[in-house]
Amino acid sequence: MDFKRTHYIGHLDSSMIGKQVVVGGWIEDIRELGKLAFLTLRDVTGVAQIVLVGEALSQTKGLNRQSVVRVTGSVQESKARDFAFEIKSEKIDILTLAVHPLPIDPIGRLESNIDNRLNARALDLRNQKTASIFKLRHHVLYSIRKTLTENNFIEVNTPKIIGSASEGGANLFSLKYFDKQAYLAQSPQLYKEQLTIGLERVFEIASYYRAEKSHTVRHLTEFTSVDIEAAFMDYTDVMDVLELVVANVFEYTKKNCVTEQKILDIEIKKPSVPFERLTYKKVIEELGRDGIKLEIGDDLLDSHLRTLGERHPSFYFIIDWPMMLKPFYIHEKDDDTTLSRSFDLQYGYLELSSGGARLHDPKKLRSRLEDQGLDPAQFVDHLRSFDWGMPPHSGWGLGLDRLMSVLTKIDNVREVVLYPRDPERLSP
Ligand code: ATP
Ligand code: MN
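Quick caveat, the model's predicted, so the values are computed rather than measured. (Residues numbered from 1 in each chain as written. Chains lettered and ligands numbered in written order. Predicted model: local features only at pLDDT ≥ 70, side-chain atom pairs only at ≥ 80, totals over all residues. Heavy atoms only, no water.)

### Re the overall build of the chain
At step 1: Along its length, the chain carries eleven helices and 16 strands.
At step 2: Referenced to the eigenvectors of the C-alpha coordinate spread, the extents of the chain come out at roughly 85 × 55 × 40 Å.
At step 3: For the chain, the proportion of its 428 residues judged to be buried stands at 53%.
At step 4: For the chain, contacts bridging at least 24 residues in sequence account for 65% of all contacts bridging at least 6.
At step 5: When the accessible surface of the chain is split by element, carbon and sulfur atoms take 51% of a total near 21200 Å².
At step 6: Side-chain charges in the chain split into 56 positive and 62 negative, and the spacing between the mean points of these groups amounts to 6 Å. (Helix = DSSP H or I, 4+ residues; strand = E, 2+ residues; numbered from the N terminus. Buried < 20%, exposed > 50% of the residue type's maximum accessible area, 1.4 Å probe, protein only. Contact = heavy atoms within 4.5 Å. Areas by Shrake-Rupley, 256 points an atom, 1.4 Å probe, with all protein chains shown as cover. Lys, Arg positive; Asp, Glu negative; His and termini not counted. Charge placed at Lys NZ, Arg CZ, Asp CG, Glu CD.)

What follows is the structure, given as C-alpha cells:
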C-alpha cells in the first residue's frame, strides 16, 4: 500500500497553485453535492478543503469522519470563506475507516466531560484544543532543556525502581521485585545529590510516584518533575536558576506557540523577575493580619495558602522555612539554626517547586536522620557517598504538570497530562 505524502497540509500556500500534491490525514467533514464532494481534511499541521471530482466521487460511499485518507490532487484557488486555496482531486485512497459511533466528538462541536475524553484520549487529541496543550508541553520541555544546558547542567536518568524507601516511608508505592521488596521512586533526591560529586550540575525530567489519596486538581499519583542539583551553589543561586527556567518557558512559548495560544484563547506573558521573596516569618505575620493565627513551626495548609494567594496572585518565593518543616537533607541557616536555607516557589495558592541548600557534612546528615526518626542503616549507600568528597550543593524539584496548568490557565492537571493517574484512574 502506498501511503506516502509529499506535503504537510500546513506547509501548503497560495504560491503552490497549479502544483500537484499528495496529502493525507483525518476527515473532519464530508459534504456531497452531486457532481462534487467537499472534504475537510486535517493533519497535525493544519486543515485543508479538498474538492473531489470524477472517479474520486464514487469512493465517498461509507467514508466517515475521522477516517484516514490520502488525496492526490492539484492546488487551486478557493471560493470558500475559510480557505485561500483548496485541493482538487480525482484520486483518493482510503487508508483506514473509522468505526462509528465514536465515543466522543473530537471536533468539539459536542462538549464531552473530562472522564469521557480521558477514556478516549487518543481520539481526544484530534480536538485542536487538546492537541495544542501537548504541543505547548513539548515546547516547554524544549525550553527547559535549553536553559539548563546553556547553564552547564547535564541531563541524567536515575532509577525509578528502588530498593529502599528514599525519603522516609510514607506515600511510597511498593512492588514485588522477584523475591525482593521494591518501591517506585518519589523523587530523584538522593541520586541527584550523589551525582554532584562527578558531574557538579545535573538535571532530570522524569515521572515520580506518590501513593497519596488526594482528590485535588493539583495531585496525581504519577507526575512529572523537573529536578536540578548543583555543586557550589547556595539556595539563592538555584532560586535564580529556577526564575530563569520559568521566565524563559513563558518567553519561549509566547514567541513560538502563537497558534496554540490562539486555539486555547490565552495570551502568554513573560513574568517579571526577580520574583518576590517572602520569608516564612513574614508570611506568618501577613496571615496574622488576615485573622489566621499561626505559630512559628506550623505548616502552611491549603486554606492558608488560598488566603496568601489572594494577596500574591502571581509567582513568589516563600524562603527560610523552619528546619522542623523540612526534610532531613536540608541545610540550616548560619545565623539562626532553627531556620533552613530553603524555599518554595508559589503561583498564588499553588506550590510549584520546593528546594534548598543540602547538608554535605555526613556527620550532620546522620544526626539529622536520627532526629527525624529515620534509620541511618536504611541510608548506608547514600551516606557512604558523602565520604567520597561531597561538595556543598543545592537544588529543587519543579512540578511540570503544575507549571503547565499555570501556563495554559487550566486548573486541573489532568488536562495537561496525557494519561493521568489518580487514586481512581489507572487506565487507559
Ligand atoms: P504538595 O504539598 O502540593 O502535595 P509537596 O510539597 O509534597 O507538594 P514536593 O515533595 O515538594 O511536593 O515536590 C516538588 C514539586 O513536585 C511540588 O512543588 C509539586 O509541584 C510537584 N508535586 C509533588 N507532588 C505532586 C503530585 N502528587 N502531583 C503533581 N505534582 C506534584
Ligand atoms: Mn514541597
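From this point on, the discussion continues.
### A short note on the packing of helix 3 (residues 128-150) against helix 11 (residues 400-408)
Two quantities define a packed helix pair, namely the angle between the helix axes and the distance between the axes.
At step 1: The geometry of helix 3 relative to helix 11 is characterised by a closest axis approach of 11 Å and an angle of 120 degrees between their N-to-C directions. One way to sum up the angle between helix 3 and helix 11 is to call them oblique. Regarding helix 3 and helix 11, the two cross each other, and that crossing is right-handed. Facing helix 3, whose interface residues are Ile 133, Leu 136, Arg 137, Val 140, Leu 141 and Ile 144, helix 11 presents Leu 400, Asp 401, Leu 403, Met 404, Leu 407 and Thr 408.
At step 2: Tallied by class, the residues present in the contact of helix 3 with helix 11 amount to nine nonpolar, one polar and two charged. (Axes fitted to C-alpha atoms, helices over the stretch in contact; angles between N-to-C directions. Parallel < 35°, antiparallel > 145°, perpendicular 65-115°, else oblique. Left-handed = near helix turned anticlockwise from the far one by under 90°. Nonpolar A, V, L, I, M, F, W, Y, C, P; charged D, E, K, R; others polar.)

### So, the sheet that holds strand 9 (residues 180-184)
At step 1: Reading across from one edge, 7-9-8 is the order of the three strands in this open sheet, with antiparallel pairing throughout. The open sheet terminates on both sides in strands that have one partner only, identified here as strand 7 (161-162) and strand 8 (174-177).
At step 2: Two elements, strand 7 and strand 9, share two bridges in a ladder whose sense is antiparallel. Bridge assignment links Ile 162 to a residue of strand 9, and that residue is Tyr 183. (Pairing = 2+ DSSP bridges.)

### Some details on the pattern of salt bridges
At step 1: The full count for this structure, using the stated rule, is 31 salt bridges.
At step 2: Between Lys 160 and Glu 204 there is a salt bridge, and its shortest N-O distance comes to 2.8 Å. Of this pair, Lys 160 sits in the loop between strand 6 (154-155) and strand 7 while Glu 204 sits in strand 10 (residues 201-209), placing them 44 residues apart in sequence.
At step 3: The exposure class assigned to Lys 160 is buried, which follows from its relative accessible area of 19%.
At step 4: For the salt bridge of Asp 302 with Arg 306, the shortest nitrogen-to-oxygen distance reads 3.4 Å. (Salt bridge = Lys/Arg side-chain N within 4 Å of Asp/Glu carboxyl O.)

### Details of the domain arrangement of the chain
At step 1: With domains assigned, the chain is organised as domain 1 (9-96) and domain 2 (128-416).
At step 2: If you average the C-alpha positions of domain 1 and of domain 2, the two centres end up 48 Å apart. (Domains from an automatic or database assignment.)

### Remarks on the side chain of Asn 248
At step 1: Here Asn 248 is to be found in helix 5 (residues 235-256).
At step 2: Exposure remark for Asn 248: the relative accessible area of 18% places this residue in the buried category.
At step 3: The residues contacting Asn 248, other than those within four sequence positions of it, are Ser 143 and Thr 147.

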